[in-house]
Amino acid sequence: DIVMTQSPDSLAVSLGERATINCKSSQSVLYSSNKKNYLAWYQQKPGQPPKLVISWASTRESGVPDRFSGSGSGTDFTLTISSLQAEDVAVYYCQQFYTTPRITFGQGTRLEIK
Amino acid sequence: QVQLVESGGGVVQPGRSLRLSCAASGFTLSSNAMQWVRQAPGKGLEWVAVISKDGSSKHYADSVKGRFTISRDNSQNTLFLQMNSLRVEDTAVYYCARDRYESTGTFFDCWGQGTLVTVSS
């Protein structure tokens, strides 16, 4: 199985500042035939189920604020929140689906307000 | 409005069985693969099982293979997870989730609120 490792485990950022979460896969999740990265990002707020925010490494889901962006390719990926808002406090997970149907998640990164 | 509602969780002794259900509304269940994902208390997300849109293909995490069975009734818009030989380490909130596509295993664009399964003597 592909192991997904996120860093840091927790992060405290001031309101209005940039938050950056990293995700590294143990092998490439870039599919050579279509040049797509098989990676998604989820946001899980306390007491709620996860919510999909980014698919295919960089495609923002409908309704997700444009302060959220995803980047990276191959084995190294980043979720960036350009200007942190209070409602962004959550745990964020990356997920690979390259080895579909056996998908794996990162361990999660807890984002808090400084 | 797309919605998934899980039910069937509870407290069960080790070695016993439990059947979870997930009722879908607001979309046609037969159009998508469906997944079960669990989250142990205070822990991260763990993929459990996936079933193709027509139920012909099923896959399981090694941790549940041979004990859990995923199934679906598209006529009733319902997904199931039969859990046998439960272990203490199966204690978790179980989420059903809709796969974005009809094939088995991409990413999940709709999640239920989850149902808690506690395995304890």
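Below is a summary of the structure that appears in this document. (Residues numbered from 1 in each chain as written. Chains lettered and ligands numbered in written order. Predicted model: local features only at pLDDT ≥ 70, side-chain atom pairs only at ≥ 80, totals over all residues. Heavy atoms only, no water.)

The subject of this paragraph is the interface of chain B and chain A. Each side of the interface is counted separately: chain B has 24 residues, and chain A has 20 residues. Between chain B and chain A the total buried area reaches about 1700 Å² when both faces are included, carbon and sulfur atoms providing 59% of it. Counting the contacts that link chain B with chain A gives 2 salt bridges. Close ionic contact of B:Arg100 with A:Glu61 constitutes a salt bridge, the shortest N to O distance being 2.4 Å. Inspection of the region where chain B meets chain A yields 10 residue pairs in polar contact (both at pLDDT 80 or more). (Contact = heavy atoms within 4.5 Å. Buried area = accessible area lost by both parts, 1.4 Å probe. Salt bridge = Lys/Arg side-chain N within 4 Å of Asp/Glu carboxyl O. Polar contact = N/O pair within 3.5 Å; in protein donor to acceptor, adjacent residues only side chain to side chain.)

Looking now at the pattern of salt bridges. Under the criterion given, the structure shown has 12 salt bridges over all chains. A salt bridge links A:Arg102 to A:Asp1, with the shortest nitrogen-to-oxygen separation between them at 3.5 Å. Placement of the pair is A:Arg102 in the loop between β11 (90-96) and β12 (104-105) and A:Asp1 in the segment before β1 (4-7), with a sequence separation of 101 residues. Between B:Asp90 and B:Arg67 there is a salt bridge whose closest N-O contact spans 2.7 Å. Pair noted here: B:Asp90 is in the loop between β8 (78-83) and β9 (92-99) and B:Arg67 is in the loop between β6 (58-60) and β7 (68-73), with a separation of 23 residues, a long-range link. Residue classification places B:Asp90 among the buried residues on the basis of a relative accessible area of 0%. Since its relative accessible area comes to 7%, B:Arg67 is described here as buried. A single network of salt bridges, built from pairs that share partners, joins A:Asp1, A:Arg102, B:Asp62 and B:Lys65. (Helix = DSSP H or I, 4+ residues; strand = E, 2+ residues; numbered from the N terminus. Buried < 20%, exposed > 50% of the residue type's maximum accessible area, 1.4 Å probe, protein only.)

All names here are of chain B. Along the chain, serine 85 turns up in the loop between β8 and β9. Assessed through its relative accessible area of 41%, serine 85 is described here as partly exposed. On a C-alpha basis, the gap between serine 85 and valine 64 in space is 9.6 Å, while along the polypeptide they are 21 residues apart. Excluding residues that lie within four positions of it along the chain, serine 85 makes contacts with Gly15, Arg16, Ser17, Arg67 and Asp90.

All names here are of chain B. Within the element layout of this structure, glutamine 3 appears in strand β1 (residues 3-7). When its relative accessible area of 37% is taken as the criterion, glutamine 3 is described as partly exposed. Taking the C-alpha atoms as reference, glutamine 3 lies 21 Å from alanine 92; in sequence the two are 89 residues apart. Ignoring any residue separated from it by four or fewer positions in sequence, one finds glutamine 3 in contact with Ala23, Ala24, Ser25 and Phe27.

This paragraph deals with the sheet that holds β1(A). Residue and element names in this part refer to chain A. If you walk across this open sheet you meet the 4 strands as β1-β3-β10-β9, and the pairing is antiparallel. Both edges of this open sheet fall to β1 and β9 (68-73), since each of them pairs with a single strand only. Direction aside, neighbouring strands of the sheet carry axes that sit 20° apart on average. The sheet contact formed by β9 and strand β10 (residues 76-81) spans 6 bridges and is antiparallel. In the strand pairing of β10, serine 71 is matched with threonine 78. (Pairing = 2+ DSSP bridges. Axes fitted to C-alpha atoms, helices over the stretch in contact; angles between N-to-C directions.)

With that out of the way, let us pick up the sheet that holds β1(B). All names here are of chain B. Across the sheet, which stays open at both edges, the 4 strands sit in the order β1-β3-β8-β7 with antiparallel pairing between neighbours. Edge positions in the sheet fall to β1 and β7, since each of these pairs with one other strand and no more. Across the sheet, the mean angle from the axis of one strand to that of its neighbour is 15°, orientation sign disregarded. The pairing of β1 with strand β3 (residues 18-25) spans 5 bridges and is antiparallel. Within β3, the residue paired with glutamine 3 across the bridge is serine 25.

Limitation: the analysis is restricted to geometry and does not speak to function.
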